[in-house]
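# Structure assessment
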Amino acid sequence: MSVQNEKSWKNRLQEYCQKNKLPMPNYRVVQPTSGTSFQADVEINGQWYRGDNDFTSKRNAEQAAAKTAYNSLSNDDMELQSGNIHIGQHMPERYAHIEQCISDMVMAHGGRIRKIHPPNSNGIYKIEITGKYRYCENVQRHHRINRVYLLVDPVNNIYYQKCYDPDCHNFRSAAQSLPIR
Ligand SMILES: [Zn+2]
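Fair warning: this is a prediction, and the values are worked out from it, not measured in the lab. (Residues numbered from 1 in each chain as written. Predicted model: local features only at pLDDT ≥ 70, side-chain atom pairs only at ≥ 80, totals over all residues. Heavy atoms only, no water.)

Our focus in this paragraph is the coordination of the zinc ion. Working reference: metal with six octahedral donors, ideal angles 90 or 180 degrees; metal with four tetrahedral donors, ideal angle 109.5 degrees. Coordination of the zinc ion by the protein comes from Cys-136 (SG), His-143 (NE2), Cys-163 (SG) and Cys-168 (SG), over a distance range of 2.1 to 2.3 Å. Given four donor atoms and angles of 101 to 119° at the metal, the environment of the zinc ion is assigned as tetrahedral. Taken in sequence order, the residues that donate to the zinc ion follow the motif C-x6-H-x19-C-x4-C. Cys-168 shares its class with Cys-163; the two are buried. (Donors = N, O, S within 2.8 Å, 3.2 Å for Na, K, Ca; no water. Tetrahedral: all angles 85-135°; square planar, octahedral: opposite > 155°, others 65-115°. Buried < 20%, exposed > 50% of the residue type's maximum accessible area, 1.4 Å probe, protein only.)

Printed below as a string of structure tokens:
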């Protein structure tokens, strides 16, 4: 990573925050107890983003965290602007109460439904969640970066939670019940 690029990620993130009237980024550096490498997190408006690890300087670790945050934020913006969210992606009318229940649940924690995939051959809908709702039953907390998604079975009124974190690759939550109309 050249010095010029190192500067640009933190600058870009700062400019992004100014433009969107967000609080300035708040960095924290983590040094593992063993070894000499650094990793950094950055907080934007209450949301933490973690950079790659294994940097030999705090400054480079902060740049990596800024890069993660900047890319994640601008990716969300692109999806919003392109109108990919919610267009033709609702559950059918007979399951509207289920979609509403899930939407309410994630919105209570600053999340929102990003995408509802058409049902698979077993009638299961995959619902992608974005925003601050990243609660994963596997780690029993919200993930910092990786998103979660729900597999919804409206016939049996249950859903499962899975997530995109590499550590949770094979994890599927216990069945959770949905409201019956
Ligand atoms: Zn997880």
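Looking now at the packing of aromatic side chains. Summed over the entire model, instances satisfying the criterion amount to four aromatic pairs. Each member of the aromatic cluster is reached from another via a ring pair, and the members are Trp-9, Tyr-16 and Tyr-70. Over the ring of Tyr-149 we find Lys-126, and its NZ or CZ is 4.4 Å from the ring centre. (Phe/Tyr/Trp six-rings, centres within 6.5 Å; stacked < 30°, edge-to-face > 60°. Lys NZ or Arg CZ within 6 Å of the ring centre and 35° of its normal.)

The next point concerns unusual backbone geometry. Of note, the phi angle at Asp-54 is positive, near 80°, even though the residue is not glycine. Its place among the elements puts Asp-54 in the loop between strand E3 (47–50) and helix H2 (58–81). Judged by its relative accessible area of 60%, Asp-54 is exposed. Of note, Gln-140 is a non-glycine position whose phi angle comes to about 55°, a positive value. (Helix = DSSP H or I, 4+ residues; strand = E, 2+ residues; numbered from the N terminus.)

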